[in-house]
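Here is how the chains run, residue by residue.
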Amino acid sequence: VDNINIDKSAPGIVLFNRTAANINGWNNSDVTVAWTCSDALSGPASPSVNQVVSAEGANQSAQGTCTDLAGNSANATETNIDIDLTPPALAPSVSPNPVLKNQPASASPNASDALSGVATELCGLVDTSVAGSFTVNCSATDNADNFASVMANYSVATCSAGSYFDDQTSSCLP
């Protein structure tokens, strides 16, 4: 009897490529993990295998399985897959609001991000040089590079001659 081949050895599996994370170790899109398969005896059933991780979460993993033509298989796992698809939440505020014309006021973005955390947050300057209703832009970026921007409303008030602005009531009093 000729040409009988017996292969009881598992194929080789090696990490080939993975969607790169940002400098903070996070992705804000699906992560594709690819492995190459090899087998010197019967040959691999497929030269490569891929797995896509699309769910949000920290410390996720992907497993690849290579099979050879004899039915033997080998597994490999890629760990530390962190995916955050959701931009930070913003609840901006201006204080005081309303503010008296030409008096100081500041805006705060009050950003939060439950998964990767807030990397940066800031608001523009609050201009109090003119009376009226205005907005100031506040923004935040999380550690996965998701970005959010929201406008905060504020009012600049003036008091008539002989009155003053009361901070407790946020109104002009005689």
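As shown above, the structure is provided for reference.
The rules we used
- Residues numbered from 1 in each chain as written.
- Predicted model: local features only at pLDDT ≥ 70, side-chain atom pairs only at ≥ 80, totals over all residues.
- Heavy atoms only, no water.
- Helix = DSSP H or I, 4+ residues; strand = E, 2+ residues; numbered from the N terminus.
- Rg over C-alpha atoms; globule rule 2.2 N^0.38 Å.
- Areas by Shrake-Rupley, 256 points an atom, 1.4 Å probe, with all protein chains shown as cover.
- Contact = heavy atoms within 4.5 Å.
- Buried < 20%, exposed > 50% of the residue type's maximum accessible area, 1.4 Å probe, protein only.
- Disulfide = S-S within 2.5 Å.
- Core = buried A, V, L, I, M, F, W, Y, C linked by side-chain atoms within 4.5 Å.
- Pairing = 2+ DSSP bridges.
- Axes fitted to C-alpha atoms, helices over the stretch in contact; angles between N-to-C directions.

Visitor: Can you walk me through the overall build of the chain in this structure?
Guide: Secondary structure assignment for the chain yields 0 helices and 15 strands. Scaling as 2.2 N^0.38, a compact globule of 174 residues should have a C-alpha radius of gyration of about 16 Å, whereas the chain reaches 30 Å, well beyond that. For the chain, the spread of C-alpha atoms along the three principal axes comes to 115 × 20 × 20 Å. A total of about 10,000 Å² of accessible surface is found on the chain, and carbon and sulfur atoms cover 50% of it.

Visitor: What is the right way to look at the environment of proline 44 in this model?
Guide: Mapped onto the fold, proline 44 is located in the loop between β2 (31-38) and β3 (48-53). Put simply, proline 44 and proline 11 are 33 residues apart on the chain and 6.9 Å apart in space, counted from C-alpha to C-alpha. Look past the residues within four positions of proline 44 in its chain and what remains in contact with it is Cys37, Ser38, Asp39, Thr67, Asp68 and Leu69.

Visitor: What am I meant to see in the environment of glutamine 103 here?
Guide: One can find glutamine 103 in the loop between β8 (99-100) and β9 (106-108). Overall, the relative accessible area of 40% leaves glutamine 103 in the partly exposed class. Through-space distance from the C-alpha of glutamine 103 to that of cysteine 37 is 69 Å; in sequence the pair is 66 residues apart.

Visitor: Mind showing me how you'd approach the state of the cysteines here?
Guide: Linking two cysteines covalently through their sulfur atoms gives a disulfide. Scanning the entire structure with this criterion turns up 2 disulfides. Each disulfide pairs two cysteine sulfurs, and for cysteine 37 the partner residue is cysteine 66, the sulfurs being separated by 1.9 Å. Between cysteine 37 and cysteine 66, the S-S torsion sits near -70°, and that sign places the bridge as left-handed. On the criterion of sequence distance, the pair formed by cysteine 37 in strand β2 and cysteine 66 in strand β4 (residues 57-67) is long-range, its members being 29 residues apart. The partner cysteine of cysteine 123 in its disulfide is cysteine 138, sulfur to sulfur 2.0 Å. Around the S-S axis, the bridge from cysteine 123 to cysteine 138 shows a dihedral of about 110° and counts as right-handed. One end of the pair, cysteine 123, is in strand β11 (residues 118-123); the other, cysteine 138, is in strand β12 (residues 132-142), and 15 residues separate them in sequence. Like cysteine 138, cysteine 123 is buried.

Visitor: How do you make sense of the nonpolar core when you look at a structure like this?
Guide: The tendency in soluble globular proteins is for nonpolar side chains to be buried side by side. Counting 13 residues, the largest nonpolar core has Ile13, Val33, Trp35, Val49, Ala62 and Ile81 as the members making the most contacts within it. The set of elements that each furnish at least two residues to this core consists of β2, β3, β4 and β5 (73-83). Look past the residues within four positions of valine 33 in its chain and what remains in contact with it is Leu15, Asn17, Arg18, Val49, Asn50, Gln51, Ala62, Glu78 and Ile81. Ranked by size, the runner-up nonpolar core spans 10 residues in total, among them Val94, Val99, Ala107 and Tyr154.

Visitor: What am I meant to see in the sheet that holds strand β1 (residues 12-18) here?
Guide: In a beta sheet, neighbouring strands are held together by backbone hydrogen bonds and run either parallel or antiparallel to one another. In spatial order, the strands read β1-β2-β3; together these 3 strands make up an open sheet with antiparallel pairing. The open sheet terminates on both sides in strands that have one partner only, identified here as β1 and β3. Here the average twist between neighbouring strands, direction ignored, is 25°. By the bridge criterion, 6 bridges tie β1 to β2 in an arrangement that is antiparallel. Residue pairing in the sheet places isoleucine 13 in a bridge with cysteine 37 of β2.

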